[in-house]
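This is what each chain is made of:
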Amino acid sequence: LAVAPKTARDGKPRTDAWLMQASRDLYALTNDRIYLEYAVASAEEYLSLQLTLFNASKPEDVGGFEDGLPVPMGPTAAARCEGLVAAWRLTVDTGAPREDFFRAICLSLRFQLRQQFTAQTARAFTAPARLIGGMPLDRTNPTLRIDYLQHHLSSLLAFLDNDPK
């Protein structure tokens, strides 16, 4: 974390979902609280950017994240959810589970699944059967890329693999 890119505003390590995931593993190896503190602070930053019933301009945006764009992007929500799952599990592992992280993960997963092409949402396209299951950039841009799908699947699997229940 000492060499991680810093934010201009406060000089703290920049929030990074991959670094949050690594922090969980590093904490398990070292018990160094710097990793726990980084993951928790990053998750709290993500929570401050998440769209909820109270601040989303449209119901379908709930669970996405505010990034100054016209609509929230699915891959962004998925990548941040990967980090949130790591931070949540770290709080569970250390005996101080954060329910607000869990709720944010659930909102993000719902948002992500609403982005997925279904038979109904794909029927307006030339080859709808090829789109089913795909995860587009956002609700206004049907662009499909493998890395979009990878982040969505990774966030879903991270949650399912780490659900303590």
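Data block above holds the structure.
Residues numbered from 1 in each chain as written. Predicted model: local features only at pLDDT ≥ 70, side-chain atom pairs only at ≥ 80, totals over all residues. Heavy atoms only, no water.

*Asks:* Describe in detail helix α7 (residues 146–162), supporting the description with residues and values.
*Replies:* Between its first and last C-alpha, α7 extends 24 Å over 17 residues, near the 24 Å set by a 1.5 Å rise per residue. Among all positions in α7, only Tyr 148, His 151, His 152, Ser 155, Leu 156, Ala 158, Phe 159 and Asn 162 are buried. For α7, the buried positions fall inside an angular range of 155 degrees around the axis, keeping them on one side. Among the exposed residues of α7, those pointing more than 90 degrees away from its buried face are Ile 146, Leu 160 and Asp 161. Looking at the buried positions of α7, the neighbouring elements they touch are α1 (17–30), α3 (74–93), α4 (99–115), β1 (136–138) and β2 (141–144). (Helix = DSSP H or I, 4+ residues; strand = E, 2+ residues; numbered from the N terminus. Expected span 1.5 Å × (residues − 1). Buried < 20%, exposed > 50% of the residue type's maximum accessible area, 1.4 Å probe, protein only. Arc of directions from axis to C-beta. Contact = heavy atoms within 4.5 Å.)

*Asks:* Describe in detail the packing of aromatic side chains, supporting the description with residues and values.
*Replies:* A complete count under the given rule lists five aromatic pairs for this structure. Here the guanidinium or amino end of Arg 89 rests over the ring plane of Trp 88, the centre of that ring lying 5.8 Å away. (Phe/Tyr/Trp six-rings, centres within 6.5 Å; stacked < 30°, edge-to-face > 60°. Lys NZ or Arg CZ within 6 Å of the ring centre and 35° of its normal.)

*Asks:* Can you break down the nonpolar core residue by residue, with the values?
*Replies:* In terms of nonpolar packing, the biggest core is built from 26 residues, with Leu 84 and Ile 105 touching the most fellow members. Dropping the residues within four chain positions of it, Ile 105 is found in contact with Cys 81, Leu 84, Val 85, Trp 88 and Phe 159. (Core = buried A, V, L, I, M, F, W, Y, C linked by side-chain atoms within 4.5 Å.)

*Asks:* Residue-level account of the pattern of salt bridges, with values.
*Replies:* Applying the stated criterion across every chain, the model contains nine salt bridges. Between Asp 93 and Arg 24 there is a salt bridge, and its shortest N-O distance comes to 3.0 Å. Of the two residues, Asp 93 is situated in helix α3 and Arg 24 in helix α1; the sequence distance between them amounts to 69 residues. By relative accessible area, Asp 93 is classed as partly exposed at 43%. Beyond isolated ion pairs, a larger network of salt bridges with shared partners links Arg 24, Arg 89 and Asp 93. (Salt bridge = Lys/Arg side-chain N within 4 Å of Asp/Glu carboxyl O.)

*Asks:* Please provide a residue-by-residue account of the environment of Ala 104, values included.
*Replies:* Relative to the assigned elements, Ala 104 resides in helix α4. The exposure class of Ala 104 is buried, given its relative accessible area of 2%. The spacing of Ala 104 and Leu 51 is 53 residues in sequence and 9.5 Å in space, taken between C-alpha atoms.

*Asks:* An account of α1 is requested, with residue identities and associated values reported.
*Replies:* For α1, built from 14 residues, the straight-helix expectation of 20 Å at 1.5 Å per residue is met to within 8% by its first-to-last C-alpha distance of 20 Å. Against the buried residues of α1 lie α2 (33–49) and α3. With a side-chain oxygen positioned 2.8 Å from the backbone nitrogen of Trp 18, the residue opening α1 is Asp 16. Where α1 terminates, the next one or two residues include Asn 31, which has phi positive at roughly 60 degrees. (Polar contact = N/O pair within 3.5 Å; in protein donor to acceptor, adjacent residues only side chain to side chain.)

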